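Structural features, examined
So you can see what is in the structure, the chains are spelled out below.
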Amino acid sequence: MAGGSGPVRHAGETLVVPASAVKATTERVIVIRVASGRTEWVDVRRGMSGGRFVDVFGNLAAADRVVLRATDEIRPRAAVRPR
């Protein structure tokens, strides 16, 4: 159908996070999840971006807590206290 648009289908679940929660290093793209008071680097793929927010695909669930400003200075297994 020329000129039309249809639904966009993705393999797997898409989650929307603040763009600042996604960090690209030289080797990977990550979101930092907080679980049991410790940080975990979770590999993700970026999807569509809507300004301040971006779709991500990876081993994340809707209930996961993520660091709002991911940096590579926040190392895996670092102790944190969520706010």
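Residues numbered from 1 in each chain as written. Predicted model: local features only at pLDDT ≥ 70, side-chain atom pairs only at ≥ 80, totals over all residues. Heavy atoms only, no water.

**Here we look at the confidence of the model for the protein chain**
Residues of the protein chain with pLDDT of at least 70 account for 86%, and the chain-wide mean is 86. For residues 1-10, every residue scores under 50 in pLDDT, and the model assigns this stretch 1 contact once sequence neighbours within four places are set aside. (pLDDT = per-residue confidence, 0-100. Contact = heavy atoms within 4.5 Å.)

**Points about unusual backbone geometry**
For Ser-36, which is not glycine, the phi torsion reads 55 degrees and is therefore positive. The topology assignment puts Ser-36 in the loop between strand 3 (29-35) and strand 4 (38-49). Here the phi dihedral of Arg-77 falls at roughly 70 degrees; this positive angle occurs in a residue that is not glycine. For Arg-77, the location among the structural elements is in the segment after strand 6 (65-66). (Helix = DSSP H or I, 4+ residues; strand = E, 2+ residues; numbered from the N terminus.)

**Describing the pairing of strand 3**
A large share of strand 3 lies buried, amounting to 5 of its 7 residues. As consecutive antiparallel partners, strand 2 (residues 22-24) and strand 3 are separated by 4 residues. Summarising the sheet, strand 3 and strand 4 pair through 6 bridges and their orientation is antiparallel. Counterpart to Arg-33 in the pairing with strand 4 is Glu-40. What sits between strand 3 and strand 4 in their antiparallel hairpin is a turn of 2 residues, with Ser-36 showing a positive phi close to 55 degrees. Examined bridge by bridge, strand 3 and strand 6 share 2 bridges and lie antiparallel to one another. Residue pairing in the sheet places Arg-33 in a bridge with Val-66 of strand 6. (Buried < 20%, exposed > 50% of the residue type's maximum accessible area, 1.4 Å probe, protein only. Pairing = 2+ DSSP bridges.)

**Regarding the nonpolar core**
Ranked by size, the top nonpolar core spans 10 residues in total: Leu-15, Val-17, Ala-21, Val-22, Val-31, Val-42, Val-44, Val-54, Val-56 and Leu-60. If you list the elements that add at least two residues to this core, you get strand 1 (15-18), strand 4 and strand 5 (53-58). Not counting residues within four places of it along the chain, the set of residues in contact with Val-42 comprises Val-29, Ile-30, Val-31, Arg-33, Asn-59 and Leu-60. Among the nonpolar cores identified, the runner-up in size contains 6 residues, and Ile-30, Ile-32, Val-67 and Ala-70 belong to it. (Core = buried A, V, L, I, M, F, W, Y, C linked by side-chain atoms within 4.5 Å.)

**Focus: the environment of Gly-51**
Relative to the elements of secondary structure, Gly-51 occurs in the loop between strand 4 and strand 5. With 33 residues separating them in the primary sequence, Gly-51 and Pro-18 have C-alpha atoms 9.0 Å apart.

**Looking at the side chain of Arg-33**
Inspection of the secondary structure puts Arg-33 in strand 3. By relative accessible area, which is 14% here, Arg-33 ends up buried. A polar atom in the side chain of Arg-33 sits 2.7 Å from the side chain of Glu-40. For Arg-33, the side chain forms a polar contact with the side chain of Asp-64, separated by 2.9 Å. (Polar contact = N/O pair within 3.5 Å; in protein donor to acceptor, adjacent residues only side chain to side chain.)

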